[in-house]
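For reference, the chains in residue letters:
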Amino acid sequence: MKRSTINRRQLVGSGLLLGLAPGVAFTEQAASMLRKPIPSSGEKLPVIGLGTYNVFDTESSASEIATRKAIVEQLTNAGGSLLDTSPMYNRSERVIGDVIKAGVDRDALFLATKVWIDGRAAGAAQMQRSADLMQTDVVDLMQVHNLRDTALHMATIRDWQEAGKIRYSGLTHYTAGAQSALAREMREFKPDFIQINYSLGEREAENSLLPMAKDQGVAVLINRPFQAGRLFSAVAGKSVPEWAQTFASSWGQFFLKFIISHPAVTCAIPATSKPHHMLDNLGAGTGEMPDTAMRKRMANFFENL
């Protein structure tokens, strides 16, 4: 961090996605949002962030920026901070900058982006453009996107960390097939973070990268937490099981809590452009978390759907 064609909007309409009430007290939620330490520094990061793939690739009109600003403010008001983006996501970095210009507090955000180009000079230019687009002098996390030209870009990232322009380094991928290559580069380059796919529908990282990250002291961001919507399709027409309702009031929270309760996972970054989905996702960062036995039960339940 889900083959009928039901989607999350239809689950909301059917009453199967309970979520948090629109009037939830954000101050209480912010105080109770689970935070996990970044191993390389001890800084604590809220466990629910926001991905921007597709959903922030929009025009910079007043209405579009207002909608994204509202979503980001939901995130920060609830105690979250991490926004993940990439030059590969077209207009997303610019829209983040527009949201900051519109009044979102930059200091409340943990900005994570990526470098995705060949060559050291081109990489440095792309990183600087990302910072400029996002209206920031310092990027909290710069990640080598999909392991593209890692050695050259990690050298630049290290230099910029020394200069105070980047706070943390990272490596990313989004497929199980790339996990062995990512493991090799983790050993070689020792990043502060990795970003990988992991969910109830894609559990391959449990056997390799997650234990390795835990052993090496590497923070872990999770992309594809809903497996591009397939997890919601898998539970179409079903209610959250009674045994899970003490900690998950919706399927989105069920899926996210499975991810963030893993001891190696630092933060999940579900993408959304819908405020009611953002609200529900944020609910996963609070309250009771599944223990090891419950996680096994959740996995068995999903495998037997």
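Placed above this text is the structure.
Counting from 1, residues in each chain are numbered in the order their sequence is written. Totals for whole chains, interfaces and linings use all residues, but because this is a predicted model, local features are given only for residues with pLDDT of at least 70 and pairs of side-chain atoms are given and counted only at 80 or more. Note that water and hydrogens are dropped before the side-chain values are worked out from all heavy atoms of the structure.

**Student:** Before we move on, can you summarise the environment of Glu206 with the specific residues and values?
**Tutor:** Comment: elements are numbered from the N terminus, with helices defined as DSSP H or I runs of at least four residues and strands as E runs of at least two. Of note, Glu206 is situated in the loop between strand E8 (193-197) and helix H8 (209-216). Taking relative accessible area as the criterion, Glu206 reaches 21% and is therefore assigned partly exposed. Along the chain, Glu206 and His262 lie 56 residues apart, while their C-alpha atoms are 9.1 Å from each other. Ignoring anything within four residues of it in the chain, the contact list for Glu206 reads Tyr198, Pro211, Phe258 and Arg295. Separated by 2.5 Å, the side chains of Glu206 and Tyr198 make a polar contact. Note on exposure labels: buried denotes an accessible area under 20% of the residue type's maximum, exposed denotes more than 50%, and partly exposed covers the range between, all computed with a 1.4 Å probe on protein chains only. For this analysis, residues touch if any pair of their heavy atoms sits within 4.5 Å. For the purposes of these results, a polar contact is taken to be a pair of N or O atoms within 3.5 Å, where, inside protein, one atom must be able to donate a hydrogen and its partner to accept one; residues adjacent in sequence count only when each atom of the pair is a side-chain atom.

**Student:** Describe helix H3 (residues 62-77), naming the residues involved and giving the relevant values.
**Tutor:** Multiply 1.5 Å by the residue count of a helix minus one, and that product is the helix's expected span. Compared with the 22 Å implied by 1.5 Å per residue over 16 residues, the 22 Å span of H3 between its first and last C-alpha is a close match. When H3 is considered as a whole, its buried residues turn out to be Ile65, Arg68, Lys69, Ile71, Val72, Gln74 and Leu75. At the C-terminal side of H3, Gly79 shows a positive phi close to 100 degrees.

**Student:** Help me get a handle on the pattern of salt bridges, residues and values and all.
**Tutor:** Any carboxyl oxygen of Asp or Glu that lies within 4 Å of a side-chain nitrogen of Lys or Arg is treated as forming a salt bridge with it. Throughout the structure, instances matching the rule amount to 14 salt bridges. The residue Lys101 makes a salt bridge to Asp98 at a minimum N-O spacing of 3.6 Å. Residue Lys101 and its partner Asp98 are located together in helix H4 (residues 92-101), separated by three residues, close to a single helical turn. Since its relative accessible area comes to 57%, Lys101 is described here as exposed. Put simply, Asp140 and Arg106 hold a salt bridge, and the shortest N to O gap is 3.0 Å. You can see Asp140 sitting in strand E6 (residues 139-144) and its partner Arg106 sitting in the loop between H4 and strand E5 (110-115), a full 34 residues away along the chain. One exposure class covers both Asp140 and Arg106, and it is buried. It is possible to trace a salt-bridge network through shared partners that takes in Glu43, Arg106, Asp140 and Arg167.

**Student:** Describe the packing of H4 against helix H5 (residues 120-133), naming the residues involved and giving the relevant values.
**Tutor:** Between H4 and H5, the least distance of the axes is 7 Å, while the angle of their chain directions is 35 degrees. Of the residues in H5, those in contact with Glu93, Arg94 and Gly97 of H4 are Arg129, Ser130 and Leu133. For helices, the fitted axis covers only the stretch in contact; all axes are lines through C-alpha atoms, and the angles between them, taken along N-to-C directions, range from 0 to 180 degrees.

**Student:** So what about the packing of aromatic side chains? Which residues, and what values?
**Tutor:** When two rings of Phe, Tyr or Trp (its six-membered ring) have centres within 6.5 Å they constitute a pair, described as stacked for plane angles under 30 degrees, edge-to-face for angles over 60, and tilted for the intermediate range. Per the stated rule, a full pass over the model turns up 16 aromatic pairs. A ring pair is formed by Phe110 and Phe193, whose centres lie 6.1 Å apart and whose planes are at 45 degrees; its orientation type is tilted. With a gap of 83 residues between them, Phe110 in strand E5 and Phe193 in strand E8 connect regions that are remote in the sequence. Grouping residues by exposure puts Phe110 and Phe193 together as buried. Centroid distance Tyr168 to Phe193: 5.6 Å. Interplanar angle 70 degrees. Geometry classified as edge-to-face. Placement of the pair is Tyr168 in strand E7 (residues 166-172) and Phe193 in strand E8, with a sequence separation of 25 residues. Of the two residues, Tyr168 and Phe193, neither departs from the other in class, the shared state being buried. Among the aromatic residues, those joined into a ring-pair cluster are Phe226, Phe232, Trp243, Trp251, Phe254, Phe255, Phe301 and Phe302. Taking the ring centre of Trp116 as reference, the NZ or CZ of Arg148 above it sits at 4.7 Å. It is Lys165 that lies over the ring of Trp160; its NZ or CZ is 3.8 Å from the centre. Definition used: whenever NZ (Lys) or CZ (Arg) falls within 6 Å of the ring centre and also within 35 degrees of the ring normal, the charge is taken to sit over that ring.

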